[in-house]
Amino acid sequence: MQKLDVMTIRNVCLTRHSMANIGHLRSLQVLELTLHESSNLDMPLELSTLKSLTLVSDRLPLCTSFLLLAITPQLSNIAINYTRYAAPAEVGEFVLSLHTSCRSFASLEDIFVRHYFLFSHLDPNLPSPLPSHLFRPLLRFRRLKTVKFIAMGKYCFDDAFIEDAAVAWPDIQELWFTSETTDTTMVSFGAMLSLASQCRSLRVLHLTFDATQRPTLSHRTDIDDAPNGKQKLWPKQPALQTLHVGHSKVSKVALAPFILAMVFPNLVDILSFETLGGSDHVAWRQVAGAVRDLVNLREKDPVRSASLLNPIQCILECTLP
């Protein structure tokens, strides 16, 4: 048993005895557990060789309790699935519990957290707003490649968090903050562009932002090395292929098709949520079609493509400080 490296426990309540047995598995690398209300989560658990952890539970706090007990210095992948809405304080406690379990901050590469919506658990006052500060502790994990938070609530992020994430996660490949409810956002079009262009390996981005105004550069952009002391536009980022804009709003003033085609030359898919009675889904479909046309034109007729995109670049550069 001590050489066992993969273990799955479902539909069984954990006891102190079973917890102790798991701790004795010195070669365990993959662990999948279903946690129940009656599970006995009151003793420390050292999992020094564990690399992948999957927890399934009715409530997110049960997963938090397990992580506060488990020491996982080599954990590289964690997946959490739960069914009842978690309050903002519970989400914050869960994020902090990752600090306790993954103490070195050097091994964790993939985080997947998903709330399974059940109508029997619907509360008219939910989902609650989830502000940026609840997720800021994740910025200490500098080797993250995949971050997915799905249907947890209304993400109320600001530009500062998005721009700090771009610095903290240089190797990020997929970043998802998915909300199935219509919400407003304080994240600007410019902050999204800053994030997606700065993270050079980013292939998939799912983020709601405000594209109703022409984007501006981050106030944090360093202009010391720029020619004539002027800021530079967002650099081309060829890795991004899929952009899901969630419930983002867009207007023609933002010049979204031209800017997206200019910064992300290999952008293939632009997706959005369709809201009953809303017009933004139709607007984003038009943006997606225009971006595809511009990308195809660049391949077939680079000269004509440049004649369309260069004036947009000049317009944006004229507004730089």
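Residues numbered from 1 in each chain as written. Predicted model: local features only at pLDDT ≥ 70, side-chain atom pairs only at ≥ 80, totals over all residues. Heavy atoms only, no water.

1. Section: the sheet that holds strand β11 (residues 174-178)
Spatial strand order, β1-β2-β4-β6-β7-β9-β11-β12-β14-β16: 10 strands in an open sheet with parallel pairing. Each end of this open sheet is capped by a strand with a single partner; those strands are β1 (6-9) and β16 (269-271). Averaged over all pairs of adjacent strands, the angle between their axes in this sheet comes to 10°, without regard to strand direction. As judged from the four bridges shared by β1 and strand β2 (residues 30-35), these two strands associate in the parallel manner. When the bridges of β2 are listed, Val6 appears paired with Val30. (Pairing = 2+ DSSP bridges. Helix = DSSP H or I, 4+ residues; strand = E, 2+ residues; numbered from the N terminus. Axes fitted to C-alpha atoms, helices over the stretch in contact; angles between N-to-C directions.)

2. Brief notes about the packing of aromatic side chains
Under the counting rule described, the total for this entry stands at 13 aromatic pairs. Ring geometry for Phe135 against Phe149: centres 5.2 Å apart, planes inclined by 80°, an arrangement best described as edge-to-face. Of this pair, Phe135 sits in the loop between β8 (129-131) and β9 (146-150) while Phe149 sits in strand β9, and the two are 14 residues apart along the sequence. Judged by its relative accessible area of 0%, Phe135 is buried. Take Phe149: its relative accessible area is 0%, and that puts it in the buried class. Between Phe209 and Trp284, the aromatic rings sit 5.9 Å apart at their centres with planes inclined by 75°, giving edge-to-face as the arrangement. (Phe/Tyr/Trp six-rings, centres within 6.5 Å; stacked < 30°, edge-to-face > 60°. Buried < 20%, exposed > 50% of the residue type's maximum accessible area, 1.4 Å probe, protein only.)

3. Regarding the nonpolar core
In this structure, Phe66, Phe135 and Leu260 are the most contacted members of the largest nonpolar core, which totals 100 residues. Discounting residues that sit within four places of it in the chain, Phe135 has contacts with Val91, Leu130, Phe149, Tyr155, Phe157, Phe161 and Phe177. (Core = buried A, V, L, I, M, F, W, Y, C linked by side-chain atoms within 4.5 Å. Contact = heavy atoms within 4.5 Å.)

4. A look at the pairing of strand β7 (residues 110-115)
Covered by surrounding structure in β7 are Ile111, Val113 and His115 only, the residues Asp110, Phe112 and Arg114 on the alternate face being uncovered. With six bridges connecting them, strand β6 (residues 77-82) and β7 associate as parallel partners. When the sheet's bridge partners are listed, Tyr82 is paired in β7 with His115. Taking the sense of rotation as the criterion, the β-α-β connection linking β6, helix α3 (residues 88-101) and β7 turns out right-handed. Alignment of β7 against β9, held across five bridges, turns out to be parallel. Bridged to Phe112 within β9 is Lys148. (Right-handed = clockwise from strand over helix to strand, strands pointing away.)

5. Looking at the packing of helix α4 (residues 159-168) against helix α5 (residues 189-198)
In contact at an axis separation of 9 Å, α4 and α5 are set at 5° when each is read in the N-to-C sense. When the axis of α4 is compared with that of α5, the two are roughly parallel. Contacts between α4 and α5 pair Asp159, Ile162, Glu163, Ala165, Ala166 and Val167 from the former with Ala191, Ser194, Leu195 and Gln198 from the latter. Here the residues of the contact of α4 with α5 sort into six nonpolar, two polar and two charged. (Parallel < 35°, antiparallel > 145°, perpendicular 65-115°, else oblique. Nonpolar A, V, L, I, M, F, W, Y, C, P; charged D, E, K, R; others polar.)

6. Remarks on the environment of Tyr116
Residue placement: Tyr116 occurs in the loop between β7 and β8. The class of Tyr116 is partly exposed, set by a relative accessible area of 37%. Each C-alpha atom, one on Tyr116 and one on Asp58, is 9.3 Å from the other, the two residues being 58 residues apart in sequence.

7. Details of the packing of helix α7 (residues 280-300) against helix α8 (residues 302-318)
At a minimum axis separation of 6 Å, α7 and α8 run at an interaxial angle of 135°. With respect to α8, the element α7 is oriented oblique. In this structure, α7 contributes Leu294, Leu297, Arg298, Glu299 and Lys300 to the contact, and α8 contributes Pro302, Arg304, Ser305, Leu308 and Leu309. Considering only residue class, the contact of α7 with α8 consists of five nonpolar, one polar and four charged.

8. Observations regarding the pattern of salt bridges
Applying the stated rule across the entire model yields nine salt bridges. A salt bridge links Arg59 to Glu37; the shortest N-O distance between them is 2.5 Å. Here Glu37 lies in the loop between β2 and β3 (45-46) and Arg59 lies in the loop between β4 (52-57) and α2 (60-69), a separation of 22 residues in the sequence. Residue Arg59 is classed as partly exposed on the basis of its relative accessible area, which comes to 27%. Among the residues examined, Glu37 registers a relative accessible area of 49% and is labelled partly exposed. Via salt bridges that share partners, Lys148, Glu174 and Arg203 belong to a single interconnected network. (Salt bridge = Lys/Arg side-chain N within 4 Å of Asp/Glu carboxyl O.)

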